Amino acid sequence: TDRLCERPRPSCANFPKISRTEWTATTDADGNVERLAIFTALPTARQLAENPYHDRIEGDVFVFTGAGRSGDQSVTGPNARIREQRAKPFPIYGFLQIVSRRDPTIGSRRWRFIGLLEYLRCFRERQLDALGEWRNAWAFELRLLGEIELVKIDEDLALANEVLGRLPTSSEDDLEVVNPAEESGSTPIVLEELEPIRRQLLAYEPREFEFVIQNLLQQSGFSNVEVTKFSKDGGIDVNAKPGLRSWPMRQVLLQLQAKRWLHTVGRKEIAELRGSLKPHTAGCIVTTSHFSRAALAEAVEPGKVPIAAIDGYELASIIKQLKLELPKVPTGTA
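Everything in this summary refers to the structure shown in the same document.

Reading guide: rules and limits
Throughout this description, residue numbers start from 1 for each chain and increase along the sequence as written. In view of the model being predicted, local features appear only for residues whose pLDDT reaches at least 70, and side-chain atom pairs are presented and counted only at 80 or more, with totals across whole chains, interfaces and linings using the full set of residues. With hydrogens and water set aside, each side-chain value is computed from the structure's full complement of heavy atoms. In DSSP terms, a helix is any run of H or I states spanning at least four residues, a strand is any run of E spanning at least two, and both are numbered starting from the N terminus. Each residue's exposure class comes from its accessible area (1.4 Å probe, protein chains only) as a fraction of the maximum for that residue type: buried when under 20%, exposed when over 50%, partly exposed otherwise. Arc definition: directions from the helix axis to the C-beta atoms.

## As for unusual backbone geometry
Despite not being glycine, Asn224 has its phi angle at roughly 50 degrees, a positive value. Looking at where Asn224 falls in the secondary structure, it is placed in strand β10 (residues 223–227). Taking relative accessible area as the criterion, Asn224 reaches 57% and is therefore assigned exposed. Phi is positive for Lys323, close to 55 degrees, though the residue is something other than glycine. With respect to the helices and strands, the residue Lys323 is situated in the segment after α10 (312–322). Under the relative-accessibility criterion, Lys323 is labelled exposed at 73%.

See below:
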């Protein structure tokens, strides 16, 4: 069954009760979306290990793979509906599953409203589908507006226009995702050699990923590699020095941020890391995801401290070329 259930009847006033599918939308008589809802569940440790592309909430960003569990995807039909919000604002509701679907006695109470959503961007990836076959998939990113706890259906369109209208506008460059592996002319075969490594990196928990980066730096010859204390580091996750292999720079301090993300690293994150660096240090952001075009421009902005930006494919390529070892991903029992 497709993950989107369209209901082209403007009389669906009981929209929040429509919760049997993972996607639900109502449209007006002309086929324009009036409102849309996305239903999701947070993955267990085992699900995350088996499917690292699973829907996630990372900070205030909700990330999910488009409709269709197998085969190539395209930004048409159900997937295209999400993108229409930018041209003509309409409310997108987010619901989180809090009780198992296996319990038939719960009904619609298995879902918790988590807020309205603002569409940010979408981008294409090479992924393994539910049948274990390679495919082109589309990942979507939406900002979670969690401060809105109650929405009246007959007022939701006006509310969406008001809320979306007062949000800061991102530049087009910050909404465009850059995949250096694809832009450099890499073939799908090359990407498929790197994706299993990136897939394993995505399966780590965020805190585990920081220690994975520490281990990779140590294997690469860096010295004095330390993971900082959680939440008390001013945005710095790992400190390191180049070591004897880079002896002319052996006293330079590298301060690194490790982001085990599915969603895109934007210009804001580059600027914030630069502001967190100690004087005369080198900065780097390593992520399992991608960078926006604005982020990469900010990283090398003339007159500012340069920031090295390593995306998921480049990190996978480094691991492959240097023959570095990754620790086994814990699968959990959940």
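## Notes on α10
Buried within α10 we find Gly312, Tyr313, Leu315, Ala316 and Ile319. Down the axis, α10 shows its buried residues gathered within 160 degrees of arc, on one side only. More than 90 degrees from the buried face of α10, the exposed residues found are Gln321 and Leu322. Within two residues after α10, Lys323 carries a phi angle of roughly 55 degrees, on the positive side.

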